[in-house]
Amino acid sequence: MKPDELNKEFSLEDFQRAFPVDVLSEIRRMLFCGDIGDPIYATEFIPIIAYVKSQSNISVDIVTNGSYKKPEWWDELGAHLTKYDTVVFSVDGWDHDSNNLYRVNSDWNSIIAGIKSLRASSDCRIKWSSIYFNFNEDRMNSIAQLAKELGCDEWQAVKSTKFGGRYAVNGVDRLMPADANNIASQVYQTLPIILNRPKPISIRHQLSAHPWAKCLNWKKELFINVEGLMFPCPWFNSGYQDNDFVERYRNRLNVKNRSIKEVLEDPLWEEFITRIEAMPLPVCKIKCYDNE
């Protein structure tokens with residue numbers, strides 16, 4: 001969908017420029033999640049995590065496919081994480097062949113070795129996340145049991161919206177669940193189950209305190225993509241809908257070129273608020289306004 005963004009990443013220098021210490025001091029939670037990729041493959045991912053965790057008030061969530069990293073890498077990552085941090089392994093199968101039906105070229109053995117190594121080296125929460133597909137919808141209980149045996153603290157089933165449409169081949173989506181109840185309509189749904197440890201009690205906080213986040217009623221986090229563009233949420237520039245706002249203000253939204261505070265204080269958001277209230281962008285109507 002976005003070939004121009006292949007193999008892009010944040011370097012530690014990029015990250016420190018975007019998130020200087022004075023900005024980190026105001027953050028309580030940070031999520032690293034693949035928008036069109038996977039965070040753990042950034043060359044300096046562990047140094048970035050070490051930099052974030054040097055500010056002890058920040059908890060981090062990391063969402064990954066988990067393939068191809070050696071156990072020693074997971075040991076090093078785990079050394080920086082605490083019980084208030086979470087690593088989510090996105091795994092949809094029960095063995096190598098089943099998991100590769102959707103996550104093509106993933107590596108089952110290294111995923112399992114990574115989970116085991118992280119469990120042994122860190123007190124962080126480990127969550128296993130599985131999307132409903134036609135090949136696994138009757139195997140979810142056994143997948144959850146495997147996650148429990150490996151020491152995962154939590155497992156979740158995910159109902160996705162991404163079936164049919166552009167994913168169909170000759171009019172057929174071969175991965176679509178047979179049971180329509182396992183498909184979400186406009187917004188994906190998660191069904192979590194605690195397997196081993198309950199979640200630690202932590203201070204609750206609003207996901208975003210900036211005024212223009214009101215368009216989502218605090219439902220999602222402020223989001224920065226691999227280019228450095230800051231959006232009100234991860235859905236805002238999804239690639240599924242045209243977004244003329246982003247195209248017009250691309251340079252002014254970029255935290256690799258400007259400080260985060262400069263972007264947040266830019267008057268462009270006044271126009272954004274006006275549009276949200278008068279004529280929401282197509283993606284906003286799909287993801288939020290039509291669901292209120």
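Residues numbered from 1 in each chain as written. Predicted model: local features only at pLDDT ≥ 70, side-chain atom pairs only at ≥ 80, totals over all residues. Heavy atoms only, no water.

Draft legend 1. Local environment of helix H7 (residues 140-149). For H7, the set of buried residues is Met 140, Ile 143, Ala 144 and Ala 147. The buried residues of H7 occupy one face: seen down the axis, they fall within an arc of 100 degrees. When the buried face of H7 is taken as reference, the exposed residues oriented beyond 90 degrees from it are Asn 141 and Glu 149. Elements that come into contact with the buried residues of H7 comprise strand S4 (125-131) and strand S5 (154-159). Phi for Gly 151, located one or two positions after H7, is positive at around 95 degrees. (Buried < 20%, exposed > 50% of the residue type's maximum accessible area, 1.4 Å probe, protein only. Helix = DSSP H or I, 4+ residues; strand = E, 2+ residues; numbered from the N terminus. Arc of directions from axis to C-beta. Contact = heavy atoms within 4.5 Å.)

Draft legend 2. Structural view of the packing of aromatic side chains. Taken as a whole and assessed by the stated rule, the structure comprises 17 aromatic pairs. Arranged with centres 5.5 Å apart and planes meeting at 90 degrees, the rings of Trp 269 and Phe 272 form a pair that is edge-to-face. Here Trp 269 and its partner Phe 272 are both found in helix H10 (residues 268-278), three residues apart, which amounts to about one turn of the helix. Like Phe 272, Trp 269 is buried. Taken together, the aromatic side chains of Phe 10, Phe 15, Phe 19, Phe 32, Phe 45, Tyr 51, Trp 73, Trp 74 and Phe 89 make up a single cluster linked through ring pairs. Note that Arg 139 overlies the ring of Trp 94, its terminal NZ or CZ placed 4.0 Å from the centroid. For Lys 256, the ring lying beneath its charged end belongs to Phe 10, and the centroid distance is 4.4 Å. (Phe/Tyr/Trp six-rings, centres within 6.5 Å; stacked < 30°, edge-to-face > 60°. Lys NZ or Arg CZ within 6 Å of the ring centre and 35° of its normal.)

Draft legend 3. Spotlight on the pattern of salt bridges. Per the stated rule, a full pass over the model turns up 19 salt bridges. Here Lys 261 makes a salt bridge to Asp 22, at a shortest N to O gap of 3.6 Å. Of this pair, Lys 261 sits in helix H9 (residues 260-264) while Asp 22 sits in helix H2 (residues 21-24), and the two are 239 residues apart along the sequence. Taking the shortest distance from any N to any O, the salt bridge between Glu 247 and Arg 250 comes out at 2.6 Å. Classification of Arg 250 by relative accessible area gives partly exposed; the value is 23%. (Salt bridge = Lys/Arg side-chain N within 4 Å of Asp/Glu carboxyl O.)

Draft legend 4. Region of the structure containing the side chain of Ser 117. Relative to the helices and strands, Ser 117 is located in helix H6 (residues 108-121). A relative accessible area of 9% places Ser 117 in the buried class. Polar contacts involving the side chain of Ser 117 include one to the main-chain carbonyl oxygen of Pro 71, which spans 2.9 Å. Within the structure, the side chain of Ser 117 is placed 2.5 Å from the side chain of Asp 75, a separation counted as a polar contact. (Polar contact = N/O pair within 3.5 Å; in protein donor to acceptor, adjacent residues only side chain to side chain.)

Draft legend 5. Representation of the sheet that holds strand S2 (residues 59-64). Pairing in this open sheet of six strands is mixed, and the strands run S1-S2-S3-S4-S5-S6 from one edge to the other. Among the strands making up the open sheet, the edge pair consists of strand S1 (29-33) and strand S6 (189-194). Strand-to-strand twist of the sheet, defined as the mean angle between neighbouring strand axes without regard to direction, takes the value 20 degrees. Relative to S5, S4 runs parallel, the two being bridged by five bridges. Following the sheet pairing, Lys 127 is matched in S5 by Glu 154. (Pairing = 2+ DSSP bridges. Axes fitted to C-alpha atoms, helices over the stretch in contact; angles between N-to-C directions.)

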